[in-house]
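What the coordinates show
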Amino acid sequence: MISATATATEMQNNFGRYLNMVINGIEVIVTKNGKEIGRFVPKDAAVSYLTDSLTGVLKGSYNLDKN
């Protein structure tokens, strides 16, 4: 997936620009003081992240009957 990075201030001052990037399938990583604080991802990518995470968990060896 293509991604871009924006500071929190850039995001605040140019929200429409970054929103259009997400609409066009680009993930936007938001930073503050040089640290990643969040991501804006297209809806389809968010669903993909969730299903990929669940698939990884479910592939493990778990005993669901054990407390």
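Conventions and cut-offs
Residues numbered from 1 in each chain as written. Predicted model: local features only at pLDDT ≥ 70, side-chain atom pairs only at ≥ 80, totals over all residues. Heavy atoms only, no water. Helix = DSSP H or I, 4+ residues; strand = E, 2+ residues; numbered from the N terminus. Contact = heavy atoms within 4.5 Å. Areas by Shrake-Rupley, 256 points an atom, 1.4 Å probe, with all protein chains shown as cover. Patch = residues over 30% accessible without salt bridge, like charges linked within 9 Å, V, L, I, M, F, W, Y side chains within 5 Å. Salt bridge = Lys/Arg side-chain N within 4 Å of Asp/Glu carboxyl O. Buried < 20%, exposed > 50% of the residue type's maximum accessible area, 1.4 Å probe, protein only. Pairing = 2+ DSSP bridges. Axes fitted to C-alpha atoms, helices over the stretch in contact; angles between N-to-C directions.

Let's shift gears to the overall build of the protein chain. Regarding its fold elements, the protein chain presents three helices and three strands. Written out in order from the N terminus, the α and β elements of the protein chain read β-α-α-β-β-α. Taking all contacts inside the protein chain whose residues are at least 6 apart in sequence as the whole, residues at least 24 apart take part in 32%. A total of about 5500 Å² of accessible surface is found on the protein chain, and carbon and sulfur atoms cover 54% of it.

The grouping of F15, L19, I23 and F40 at the surface amounts to a nonpolar patch, some 390 Å² of accessible area in total. Element by element, the count of residues in the nonpolar patch is highest for helix α2 (residues 15-23), at three residues. Tracing the backbone shows F15 in helix α2. Residue F15 is classed as partly exposed on the basis of its relative accessible area, which comes to 42%.

Before going further, it helps to spend a moment on the side chain of T31. Locating T31 in the fold gives a position in strand β2 (residues 27-32). Beyond its immediate sequence surroundings of up to four residues, T31 is in contact with T5, A6, T7, A8, E36 and I37.

Before going further, it helps to examine the sheet that holds β2. Taken together, three strands build an open sheet; the order of strands is β1-β2-β3 and the sheet is mixed. The sheet is open, and its two edges are formed by β1 (3-7) and β3 (35-40), each paired on a single side. Between one strand axis and the next, the sheet turns by 30° as a mean value, whatever way the strands run. Of the pairings in the sheet, the one linking β1 to β2 comprises five bridges and is parallel in character. From the neighbouring strand, A4 faces β2, where its bridge partner is V28.

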